[in-house]
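Each chain, written out:
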Amino acid sequence: MPFIGGVPFIWCSNNLTVSFAIQCLWYKELTQDTQYDELAQANIDWIFGTNPWGTSMVYGLPSWGDTPVNPHSAFTHLKNFPIDGGLVDGPIMTSTYRNLIGIKLLNEDPYAAFQSDLVVYHDDYGDYSTNEPTMDGTASLIYLLASQEQKALEEPQIKK
């Protein structure tokens, strides 16, 4: 199986993905049991591009990578204001997407070849269901990344 996850593709699935990774890390912290390390890392990797679309789900991160460029954000759409670090909603079930009102892609879908009958993601201002930055998800992502940084700082450094 190419991707391991564990969250349903409902609205704000990326929020769930980040929270799931955090729960795996908390489990390890509380129990010292490492059985969910791979699952935690797979969810972090999903957010940063190990997904069917090969794109990070975080606006502007990494700076050198494929990240959302047309989020459903008036700041970016009207004034080209960057929202670096903003976590977008993420993929949803295709059946849900097809039944939403008012969605219209404004540009050609660069990920068209990777859309499926199961799930879709669009980097398009017109898609408020998969590409809108969320404050709660972004806050959780900040916590997750800060915890990863703290873990790295606590690990013994290899001297060269």
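Refer to the preceding data block for the structure.
**Student:** Explain the overall build of the chain to me, and be specific about the residues and the numbers.
**Tutor:** Counting its secondary structure elements, the chain contains 5 helices and 2 strands. Along the chain, helices and strands appear, N-terminal first, in the series α-α-α-β-α-β-α. Scaling as 2.2 N^0.38, a compact globule of 160 residues should have a C-alpha radius of gyration of about 15 Å, and the chain matches this with 17 Å. For the chain, the C-alpha atoms occupy an extent of roughly 50 × 35 × 30 Å along the three principal directions. In the chain, which comprises 160 residues, the proportion classed as buried is 39%. Once local pairs closer than 6 in sequence are excluded, the contacts in the chain between residues at least 24 apart make up 63%. Within the structure as shown, the chain displays about 9600 Å² of accessible surface, and the carbon and sulfur contribution to it stands at 59%. The distance from the centre of the 7 positive side-chain charges to the centre of the 19 negative ones in the chain is 6 Å.

**Student:** So what about the environment of Glu38? Which residues, and what values?
**Tutor:** With respect to the helices and strands, Glu38 occurs in helix H2 (residues 37–47). What makes Glu38 exposed here is its relative accessible area of 61%. Taking the C-alpha atoms as reference points, Glu38 and Leu106, 68 residues apart in sequence, are found 38 Å from one another.

**Student:** Account for the packing of aromatic side chains, with residues named and values stated.
**Tutor:** This structure, assessed with the given rule, holds 8 aromatic pairs. Their ring planes at 75° and their centres at 6.0 Å tell us that Trp26 and Tyr143 sit as a pair that is edge-to-face. Of this pair, Trp26 sits in helix H1 (residues 13–31) while Tyr143 is found in helix H5 (residues 135–154), placing the two residues 117 residues apart along the sequence. Among the aromatic residues, ring-to-ring pairing joins Phe9, Trp46, Trp53, Tyr111 and Tyr121 into one connected group.

**Student:** Which residues make up H2, and what are the values?
**Tutor:** Leu39, Ala40, Ala42, Asn43, Ile44, Trp46 and Ile47 are the residues of H2 that are buried. Among the structural elements, H1 and H5 are those in contact with the buried residues of H2.

Calculation notes
Counting restarts for each chain: residues are numbered from 1 in the order of the written sequence. Predicted model: local features are reported for residues with pLDDT of at least 70 only, side-chain atom pairs are reported and counted for 80 or more only, and whole-chain, interface and lining totals are derived from all residues. Side-chain measures were taken over the full set of non-hydrogen atoms in the model, leaving aside hydrogen atoms and water. Segments assigned H or I by DSSP are reported as helices when at least four residues long, segments assigned E as strands when at least two residues long, and all are numbered from the N terminus. A radius of gyration in this sense is built from C-alpha atoms; the matching globule rule multiplies 2.2 Å by the number of residues raised to 0.38. Accessibility here uses a 1.4 Å probe with only protein chains present; expressed as a share of the type maximum, an area under 20% marks a residue as buried, one over 50% as exposed, and anything in between as partly exposed. We call two residues contacting when some pair of their heavy atoms lies within 4.5 Å. Accessibility throughout is a Shrake-Rupley quantity obtained with a 1.4 Å probe, and a residue counts as covered only by protein chains that appear here. Working convention for charge: Lys and Arg count positive, Asp and Glu count negative, and His plus the chain ends are omitted. We put the charge of a Lys on NZ, of an Arg on CZ, of an Asp on CG and of a Glu on CD. Pairs were defined over the aromatic rings of Phe, Tyr and Trp, the Trp ring being its six-membered one, requiring ring centres within 6.5 Å. Orientation was assigned from the angle between planes: stacked under 30 degrees, edge-to-face over 60, tilted for the rest.

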